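# Commentary on secondary and tertiary structure
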Amino acid sequence: MKLSDLSTPAALVDIERMERNILRMQSRMNSLGVNFRPHVKTSKCVEVTQAQIKAGARGITVSTLKEAEQFFAAGITDILYAVGITANKFPQALALLRKGCDLKILTDSVQSAAAISAFGIANDIRFKVMIEIDTDDHRSGIKPDSPQLLEVAQVLAAGGAELYGVMTHAGSSYDLNTPDALEKMAEQERSGCVRAAERLREAGFQCPVVSVGSTPTALSARSLEGVTEVRAGVYVFFDLVMHNVGVCTTDDIALSVLTTVIGHQEEKGWVIVDAGWMAMSRDRGTQKQTTDFGYGQVCAADGAPLAGYMMTGANQEHGIISRHGEPDLAIATRFPVGTQLRLLPNHACATAAQFPEYQALTAQQNLQTWPRFYGW
Ligand SMILES: Cc1ncc(COP(=O)(O)O)c(C=O)c1O
C-alpha cells in the first residue's frame, strides 16, 4: 500500500525518524552510565517498544495495568507501573505477578503502603514497591526531606512488600525552554531523588533503584550520579510541545496525522481537511508556549513543513487550515481538494491515543500497520 491509497485521517509513523530518536536517547543513557526504561504510554504499541528494547532499553514503564498486561503478553516481563496504585487494582496486579510478570508498583502515602502490605500478606506475595518522590512541585510524590518518606518505608518493610527504590518525574520541565533552565531542572530531579534514596539507606532500608526522568530532563542532564535508571516516553515520537521546549526540531517529529483536503473557504483563506479534534485530540499544549501551533503544524504529504500554515480550528471531523498572519487567498489553488497533507501534533501521546493503529512508513516508502491499544 502507498501513502496515497490510505484512507484518512491516519496516524503515520516515520520509522527512520523514530529509530533516530530511539538511538539518540539510548546513546545518551549509555554514555551517562544508566539503564533506560522507556515509558511506553506514548506509543502503546508492541512494534515501537520492541525497537526501544532492541536498541538497549532495560524494562519498560507503563501508565496503566492494561499496558502491563499487553506488554507482558508480548514477552516483556520487567515492568514498572508508574501511577500510584489503589486497592481496586490489586487483583489485576496480583494476576500479573502470579503469571510471572516482574511488576513494580508505586506508592506515595502511608495509607496506600499499608494497603499494599496488607494485601501482600493476605495473598502470600511480596509486591516490589517504589516510593514516588516529588522533586519539582509538579504532581504527586513525597518531598525528599519529608518524614513521611521513612514512615512509608517502615510500613512496607513491616509486611508483604519489598522496597524496590525511589522514583521521580520532573514534569515541570515541560514549562521550560532554555538549555540552562532544563539542565538545572535535570539536576534538581537527580539530586532530589538521590537525596531521598540516601535518607532511606541511612535509616537502614535497602533502596537499590533510583529512577528519574522526563524527555526534557533526560536530554539535558549533565550528570546522573547516584541514579540507576532513567525513564522517558514522548521522545520516541517527539511533538510540537517538545520542539518549543527546545529538545527536538520539527524534522525529528516521527508522528503525524495524514489528512485530505475536502474543501475551502477561499475568501477567508481556509482549507478544510478531514482531520478534526477526533484525530488531533483537543490538546492545545503549545498555546501557552512561545510558538502556538494551533492544533498542529501543516506539512506537505512528504513531511516537509509548510511554514506559517497551521490547523487553526477543529470540529470533530473537520479541521481548518490557514496561514498565520495574512490570509492566503490563493489557498484553494495551492491545496486543491484531494491534496494529502501531514499534520504534526502538539502532544504525540494525546494524538496517538485517537487511533487504533499506526501506519508505519519505511525509508522505502512502504507502509506497515502497527496496532496500538487503549483502555485500562
Ligand atoms: C512517571 C512518569 N515517568 C516518565 C514519564 C515520561 O515523560 P516524557 O513523556 O516527558 O518522556 C512520564 C510521563 O508522563 C511519567 O508520568
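Throughout what follows, the structure given in this document is the object of discussion. (Residues numbered from 1 in each chain as written. Predicted model: local features only at pLDDT ≥ 70, side-chain atom pairs only at ≥ 80, totals over all residues. Heavy atoms only, no water.)

### Thoughts on helix 6 (residues 148-158)
- The complete set of buried residues in helix 6 reads Leu149, Val152, Ala153 and Leu156. Looking straight down helix 6, one finds its buried side chains confined to an arc of 100 degrees; they lie on one side.
- Turning to helix 6, the residues buried within the fold contact strand 5 (102-107), helix 5 (110-123), strand 6 (127-132), strand 7 (161-167) and helix 7 (179-202). (Buried < 20%, exposed > 50% of the residue type's maximum accessible area, 1.4 Å probe, protein only. Helix = DSSP H or I, 4+ residues; strand = E, 2+ residues; numbered from the N terminus. Arc of directions from axis to C-beta. Contact = heavy atoms within 4.5 Å.)

### A closer look at unusual backbone geometry
- Along the chain, Thr8 connects to Pro9 via a cis peptide bond; the corresponding omega equals 0 degrees.
- You can see Pro9 is positioned in the segment before strand 1 (10-14).
- Phi at Lys44 takes a positive value of approximately 45 degrees, unusual for a residue other than glycine.
- You can see Lys44 is positioned in the loop between strand 2 (35-36) and helix 2 (46-54).
- With a relative accessible area of 14%, Lys44 lands in the buried category.

### Describing the pattern of salt bridges
- In this structure the tally under the stated criterion is 17 salt bridges.
- Its salt-bridge partner being Arg17, residue Asp14 comes within 3.5 Å of it at the nearest N-O pair. Accessibility classification places Asp14 together with Arg17 in one group, the buried group.
- Where Lys128 meets Asp102, a salt bridge forms, and the shortest distance between an N and an O atom there is 2.9 Å. (Salt bridge = Lys/Arg side-chain N within 4 Å of Asp/Glu carboxyl O.)

### Describing the pairing of strand 17 (residues 367-371)
- Inspection of the sheet shows strand 16 (residues 357-361) paired to strand 17 by 5 bridges, in the antiparallel sense. Bridge pairing links Glu357 to Pro371 in strand 17.
- Linking strand 16 to strand 17, which pair antiparallel, is a turn of 5 residues; within it Gln365 sits at a positive phi near 70 degrees. (Pairing = 2+ DSSP bridges.)

### What about the site of the ligand?
- Taken together, 15 residues lie around the ligand, and Arg139, Tyr174, Thr215, Arg231 and Gly233 are the ones closest in.
- In the environment of the ligand, an oxygen atom lies 3.3 Å from a nitrogen or oxygen atom belonging to the side chain of Lys41.
- Take Arg231: an N or O atom from its side chain is 3.0 Å from a nitrogen atom of the ligand.
- A class-by-class count of the residues in the shell around the ligand yields 6 nonpolar, 6 polar and 3 charged. (Near = heavy atom within 4 Å. Polar contact = N/O pair within 3.5 Å; in protein donor to acceptor, adjacent residues only side chain to side chain. Nonpolar A, V, L, I, M, F, W, Y, C, P; charged D, E, K, R; others polar.)

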